[in-house]
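# Report on the structure
Single-letter residue listing:
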Amino acid sequence: MKLLLDTCTFLWLAADDPQLTASARAECGKPENTVYLSALSAWEIAIKHRLGRLPLPESPVRYVTSRREWLGFEPLAFDEAAAAHEVLLPSHHTDPFDRGLVSQAILNGLTIVTPDEAISAYPAPVLW
């Protein structure tokens, strides 16, 4: 399975947070699954850190890269096709980062790992 992490899912995996469900944790840890972290999530983490809404033990650049590599996840660039696809989505969700992740999931055949119930209204598979 090809999985795309929501930002909060990545942060919970990186911190071994108990809010993460056992099934999400198990699927992200299976060696046969490829797990992606979008550049959108790295951007969202950096913005929230800069605004003082997300304390991190090190700079967002180091934190995201080191945790992603330690967890064995692949980076996923946010490209023009995903950006343009966002306008085709119905307005189930207003968060631009989440809408971008949905676009990436649809275009790349990925399952989104997220606790956000609004995302399941889109035509992309969701795992939680």
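Rules of the game
- Residues numbered from 1 in each chain as written.
- Predicted model: local features only at pLDDT ≥ 70, side-chain atom pairs only at ≥ 80, totals over all residues.
- Heavy atoms only, no water.
- Helix = DSSP H or I, 4+ residues; strand = E, 2+ residues; numbered from the N terminus.
- Buried < 20%, exposed > 50% of the residue type's maximum accessible area, 1.4 Å probe, protein only.
- Contact = heavy atoms within 4.5 Å.
- Areas by Shrake-Rupley, 256 points an atom, 1.4 Å probe, with all protein chains shown as cover.
- Salt bridge = Lys/Arg side-chain N within 4 Å of Asp/Glu carboxyl O.
- Core = buried A, V, L, I, M, F, W, Y, C linked by side-chain atoms within 4.5 Å.
- Phe/Tyr/Trp six-rings, centres within 6.5 Å; stacked < 30°, edge-to-face > 60°.
- Pairing = 2+ DSSP bridges.

## Comments concerning the overall build of the protein chain
Regarding its fold elements, the protein chain presents six helices and five strands. Ordered by position from the N terminus, the helices and strands of the protein chain form the series β-α-α-β-α-α-β-α-α-β-β. Each principal axis of the C-alpha atoms in the protein chain carries an extent, and together these give about 40 × 35 × 25 Å. Going through the 128 residues of the protein chain one by one, you find that 43% of them count as buried. Taking all contacts inside the protein chain whose residues are at least 6 apart in sequence as the whole, residues at least 24 apart take part in 62%. Element-wise, carbon and sulfur atoms account for 57% of the exposed surface of the protein chain, whose accessible area totals about 6,700 Å².

## Observations regarding the pattern of salt bridges
This structure, assessed with the given rule, holds six salt bridges. The partner of Arg-25 in a salt bridge is Asp-16, and the shortest N-O contact between them spans 2.9 Å. Take Arg-25: its relative accessible area is 29%, and that puts it in the partly exposed class. A salt bridge links Glu-58 to Arg-67; the shortest N-O distance between them is 2.7 Å. The partly exposed category is assigned to Glu-58, whose relative accessible area is 26%.

## Considering the nonpolar core
Counting 20 residues, the largest nonpolar core has Leu-5, Phe-10, Cys-28, Ile-45, Phe-73 and Val-113 as its most contacted members. Looking at this core, the elements that each hand over two or more residues are strand E1 (2-5), helix H1 (7-15), helix H2 (22-29), strand E2 (34-38) and helix H4 (60-71). Of the residues forming this core, the biggest block, five residues, is contributed by H1. The residues touching Cys-28, leaving out its near neighbours within four places in the chain, are Leu-3, Leu-5, Leu-13, Val-35, Phe-73 and Val-113.

## Some details on the packing of aromatic side chains
Inspection of every chain in the model, using the stated rule, returns two aromatic pairs. With 5.8 Å between their ring centres and 50° between their planes, Trp-12 and Trp-128 make a pair best called tilted. Note that Trp-12 is positioned in helix H1 and Trp-128 in the segment after strand E5 (126-127), a separation of 116 residues in sequence. Judged by relative accessible area, Trp-128 falls into the partly exposed class, the value being 27%. When the centroid spacing of 5.4 Å and the interplanar angle of 80° are considered together, the rings of Trp-43 and Phe-97 count as edge-to-face. Taken together, the positions of Trp-43 in helix H3 (residues 39-50) and Phe-97 in helix H6 (residues 96-108) put the pair 54 residues apart, joining distant regions of the chain.

## Comments concerning the pairing of E2
In terms of burial, E2 is largely enclosed, as four of its five residues are buried. Across three bridges, E1 lies against E2 in parallel orientation. In the sheet register, Leu-3 faces E2, and the bridge partner there is Val-35. Of the strand pairs in this sheet, E2 and strand E3 (residues 74-76) are connected by three bridges, and their pairing is parallel. Along E3, the bridge assignment pairs Ser-38 with Leu-76.

These figures come from the coordinates and say nothing about function on their own.
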